[in-house]
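Notes for the structure review
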Amino acid sequence: MKTKTKIPAKPVPVDQILAGDCVAEMNALPENSVDLVFADPPYNLQLKGDLHRPDSSLVDAVDNDWDQFSSFAVYDAFSRAWLKAARRVLKPDGAIWVIGSYHNIFRVGAALQDAGFWILNDVVWRKTNPMPNFRGKRLTNAHETMIWAGKSDASKYTFNYEALKELNDGVQMRSDWLLPICNGSERLKDAKGEKAHPTQKPEALLHRVLIGSTNPGDIVLDPFFGTGTTGAVAKKLGRHFIGIEREESYRKVAEKRIANIRRFDAQSLEVTTSKRAEPRVPFGQLVERGMLNPGEVLQSLNGKRTAKVRADGTLVASDTKGSIHQVAAQLEGLPSCNGWTYWSFTREGQRIPIDVLRQQIRAELKS
């Protein structure tokens, strides 16, 4: 009986810039192979004629061929095609970010939902230094919109809530982000001293996206790689990237840029995590391991209440018995209470929170 030869899985081309059409290149990647997609597609700006400043000087606007579409129908077909390809390569618990302006983001948002993605947030990137409206016929366009979506409504997408909170000075991160546009020394120039790319995104924007929605070692795909901001930030933060870019001039700039990037050390890449993400440690384990003994008396941290430890990891106090949480709540007359932060034990005359013992076990589990 002949056995079938197993064809080895095609390797994922991590930390590479692929040359070509984004749809074709994504369709050539293994299915369910990337953790996150960050997409900065053409905006289809629909500019009519040159744009001049009040002093008659020409504004360096986006007028490249790659941003030109003959109709909304053509642009919509393009959006559906690349989103379908991106969805195929995303892992089941993957997510996607798409950035755009008022010219295209609403159309892309509808295509996202039609493709089966589940929108998690729309984020407004409010620019501290936007380009003014030179014609004076509209409001200054001072923001862009990003859509963050899971592959499906059942996706267990990555969200580093605590890390973003710390990044925001201990306050919950909001969906309006105040960041400057790319300028100064960060703005890449070509051999002529001109902008290497008209819509280069600031690294600060990608830093926040990747810290919030990926982990070290994750693979981030950017199908419109440009001059490589996604790859540069991914490399710094210990993530892998796959870039797709059809324009050779942009690829050359991106390759040189990323080659000069130094990856941060592993310790520096650690971020604050939610306590809910830490390993669960039952109170009974402390008793099983002899860290606390049956019959030992626990005391509330305020010193007003006591309870005795039982062999099965429950407590008994006066007329109540149950878990460390139930007994604490009963004694305080509360609907609920966190026993880990309520109870303490005594060693050598010192009162020590029982949570110290839980953290010891968690440290062992991580090592």
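Refer to the structure above for everything that follows.
A few points on the structure. A quick note: this is a predicted structure, and the numbers were derived from the prediction, not measured.

Quick word on the overall build of the protein chain
- Helix and strand counts for the protein chain come out as 10 helices and 14 strands.
- The proportion of buried residues among the 367 residues of the protein chain is 43%.
- When contacts within the protein chain are restricted to residue pairs at least 6 apart in sequence, long-range pairs at least 24 apart make up 68% of them.
- In the structure as shown, the protein chain presents an accessible area of about 20,500 Å², 50% of it carried by carbon and sulfur atoms.

What about the packing of aromatic side chains?
- Throughout the structure, instances matching the rule amount to 11 aromatic pairs.
- Arranged with centres 5.5 Å apart and planes meeting at 85°, the rings of Trp148 and Tyr157 form a pair that is edge-to-face.
- Assessed through its relative accessible area of 5%, Trp148 is described here as buried.
- Ring geometry for Trp148 against Phe159: centres 5.5 Å apart, planes inclined by 50°, an arrangement best described as tilted. One end of the pair, Trp148, is in strand 5 (residues 143-150); the other, Phe159, is in the loop between strand 5 and helix 4 (161-167), and 11 residues separate them in sequence.
- Over the ring of Phe117 we find Arg87; its NZ or CZ atom is 5.3 Å from the centre of that ring.

Here we look at the sheet that holds strand 8 (residues 240-245)
- The 8 strands are arranged 1-8-7-2-3-5-4-6 in an open sheet whose pairing can be described as mixed. Strands with a single pairing partner mark the edges of an open sheet, and in this sheet they are strand 1 (16-19) and strand 6 (176-179). The mean inter-strand angle of the sheet, taken between neighbouring strand axes irrespective of direction, is 20°.
- Pairing geometry for strand 1 and strand 8, over 4 bridges, is parallel. Note that in strand 8 the partner of Gln16 across the bridge is Ile242.
- Contacts from helix 3 (residues 105-114) reach strand 3 (90-100), strand 4 (118-127) and strand 5 within the one sheet, and its direction differs from that of strand 3 by about 165°.
- Running at roughly 170° to strand 8, helix 6 (residues 229-236) makes contact with strand 2 (34-39), strand 7 (219-222) and strand 8 of the sheet.

Some remarks on the pattern of salt bridges
- If you walk through the whole model with that rule in mind, you get 13 salt bridges.
- We note a salt bridge from Lys91 to Asp35, for which the minimum N-O separation is 3.1 Å. Of this pair, Lys91 sits in strand 3 while Asp35 sits in strand 2; the two residues are 56 residues apart in sequence, bridging distant segments of the chain.
- Residue class for Asp35 comes out buried when judged on its relative accessible area of 17%.
- Three or more residues are tied together by salt bridges with common partners; here these are Glu203, Lys236 and Arg257.

A look at the side chain of Asp35
- Polar side-chain contacts of Asp35 include one of 3.1 Å to the side chain of Lys91.
- Leave out the neighbours within four places in its chain, and Asp35 touches Leu90, Lys91, Gly94, Ala95, Asp218 and Ile219.

Overview of the nonpolar core
- The biggest cluster of nonpolar side chains holds 33 residues, and the ones touching the most others in it are Trp97, Met146, Trp177, Leu205, Val209 and Leu210.
- Among the elements that take part in this core, helix 5 (residues 203-213) stands out by supplying 5 residues, more than any other.
- If near-sequence neighbours (up to four positions away) are discounted, Val209 is found in contact with Leu36, Phe38, Trp97, Met146, Trp177 and Thr214.
- By size, the runner-up hydrophobic cluster in this structure holds 29 residues, among which are Val34, Ala85, Val98 and Val108.

Overview of the packing of helix 6 against helix 7 (residues 248-259)
- Relative orientation of the contacting elements helix 6 and helix 7 amounts to 15°, with a least axis distance of 9 Å. Viewed along their axes, helix 6 and helix 7 adopt a mutual orientation that is roughly parallel. The chirality of how helix 6 crosses helix 7 is right-handed. Contacts from Thr229, Gly231, Ala232 and Lys235 of helix 6 reach helix 7 at Arg257, Ile258 and Ala259.

Let's talk about unusual backbone geometry
- Phi is positive for Asp169, close to 60°, though the residue is something other than glycine.
- By secondary structure assignment, the location of Asp169 is in the loop between helix 4 and strand 6.
- Residue classification places Asp169 among the exposed residues on the basis of a relative accessible area of 72%.
- Phi angles above zero are rare outside glycine, and Glu348 is one such case at about 50°.
- By secondary structure assignment, the location of Glu348 is in the loop between strand 13 (343-347) and strand 14 (350-353).
- Taking relative accessible area as the criterion, Glu348 reaches 84% and is therefore assigned exposed.

Examining the environment of Ala232
- Secondary-structure assignment places Ala232 in helix 6.
- Classification of Ala232 by relative accessible area gives buried; the value is 0%.
- As for Ala232 and Arg262, which are separated by 30 residues in sequence, their C-alpha atoms are 9.1 Å apart.

What counts as what
- Residues numbered from 1 in each chain as written.
- Predicted model: local features only at pLDDT ≥ 70, side-chain atom pairs only at ≥ 80, totals over all residues.
- Heavy atoms only, no water.
- Helix = DSSP H or I, 4+ residues; strand = E, 2+ residues; numbered from the N terminus.
- Buried < 20%, exposed > 50% of the residue type's maximum accessible area, 1.4 Å probe, protein only.
- Contact = heavy atoms within 4.5 Å.
- Areas by Shrake-Rupley, 256 points an atom, 1.4 Å probe, with all protein chains shown as cover.
- Phe/Tyr/Trp six-rings, centres within 6.5 Å; stacked < 30°, edge-to-face > 60°.
- Lys NZ or Arg CZ within 6 Å of the ring centre and 35° of its normal.
- Pairing = 2+ DSSP bridges.
- Axes fitted to C-alpha atoms, helices over the stretch in contact; angles between N-to-C directions.
- Salt bridge = Lys/Arg side-chain N within 4 Å of Asp/Glu carboxyl O.
- Polar contact = N/O pair within 3.5 Å; in protein donor to acceptor, adjacent residues only side chain to side chain.
- Core = buried A, V, L, I, M, F, W, Y, C linked by side-chain atoms within 4.5 Å.
- Parallel < 35°, antiparallel > 145°, perpendicular 65-115°, else oblique.
- Left-handed = near helix turned anticlockwise from the far one by under 90°.

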